[in-house]
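Working through the structure, step by step
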Amino acid sequence: MLRYLPFLLVLALWIYAFIDCLNTPEEEVRGLPKVVWVIIILLFGEVLVGPIAWLVAGRARRGPAGGSTPSEWHRNHRAEFVAPDDNPEFLQSLKAESKKDEALLKDWEADLRRREEELRRRESGEDSKD
């Protein structure tokens, strides 16, 4: 079965390129007329020259649906680097985290005091029983 894999891959690429060429509108075909591309794909499909030539040079590349590629977007939206200690948003987040941590610490301290008091009461209650 494995010995048929290269043949199947070549056949799949050949069929894909042929169908893609047929489905591509004439105005999107680059370089040569569409009929010539079909002939090239069919004649040179077994050695992969035709399908690869079609995929690389024959069809026009389409841009993304949003209009610009990620690299174009990043070129147009350069952000200045701001050090964390100069970034007001970062400093605000630190203050919020600090307040949360302080509240949690106060809760833990109150719980610890309550448990210690409870333990003292139990120990004093056991000592009075003896």
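Before reading further, recall that the structure is shown in the block above.
Now for a look at the structure at hand. This is a predicted model, so every value here is computed, not measured.

**Structural notes on helix α2 (residues 34-43)**
Residues of α2 that are buried include every one of Lys34, Trp37, Val38 and Ile41, and no others. All buried residues of α2 project into a common sector of 100° when viewed along the axis, lining one side. Opposite the buried face of α2, by more than 90 degrees, sit the exposed residues Val35 and Leu43. In this fold, the buried residues of α2 make contact with α1 (5-23) and α3 (49-58).

**A closer look at α1**
For α1, built from 19 residues, the straight-helix expectation of 27 Å at 1.5 Å per residue is met to within 8% by its first-to-last C-alpha distance of 27 Å. When we look at burial in α1, the residues that qualify are Ala17, Asp20 and Cys21. Looking straight down α1, one finds that the buried residues subtend no more than 100° of arc, so they occupy a single side. Of the exposed residues in α1, the ones pointing more than 90 degrees away from its buried face are Phe7 and Asn23. Tucked inside the fold, the buried residues of α1 contact α2 and α3.

**Quick word on the pattern of salt bridges**
Taken as a whole and assessed by the stated rule, the structure comprises seven salt bridges. Note that arginine 120 is salt-bridged to glutamate 117, the shortest N-O span being 3.4 Å. Of the two residues, arginine 120 and glutamate 117 both sit in helix α5 (residues 88-129), three residues apart, roughly one turn of that helix. Judged by relative accessible area, which is 48%, arginine 120 ranks as partly exposed. Judged by its relative accessible area of 35%, glutamate 117 is partly exposed. Residues participating in the shared-partner salt-bridge network are Asp111, Arg114, Arg115, Glu118 and Arg122.

**Looking at the nonpolar core**
Core analysis: the largest hydrophobic core is formed by eight residues, namely Ala17, Cys21, Val29, Trp37, Val38, Ile41, Trp54 and Leu55. Sorting the residues of this core by element identifies α1, α2 and α3 as the ones contributing at least two each. For this core, the leading source of residues is α2, giving three residues. If we ignore the near neighbours within four places in the chain, the residues touching valine 29 are Thr24, Lys34, Trp37, Trp54 and Gly58.

Basis of the calculations
- Residues numbered from 1 in each chain as written.
- Predicted model: local features only at pLDDT ≥ 70, side-chain atom pairs only at ≥ 80, totals over all residues.
- Heavy atoms only, no water.
- Buried < 20%, exposed > 50% of the residue type's maximum accessible area, 1.4 Å probe, protein only.
- Helix = DSSP H or I, 4+ residues; strand = E, 2+ residues; numbered from the N terminus.
- Arc of directions from axis to C-beta.
- Contact = heavy atoms within 4.5 Å.
- Expected span 1.5 Å × (residues − 1).
- Salt bridge = Lys/Arg side-chain N within 4 Å of Asp/Glu carboxyl O.
- Core = buried A, V, L, I, M, F, W, Y, C linked by side-chain atoms within 4.5 Å.

What is shown is where atoms sit, not what they do.
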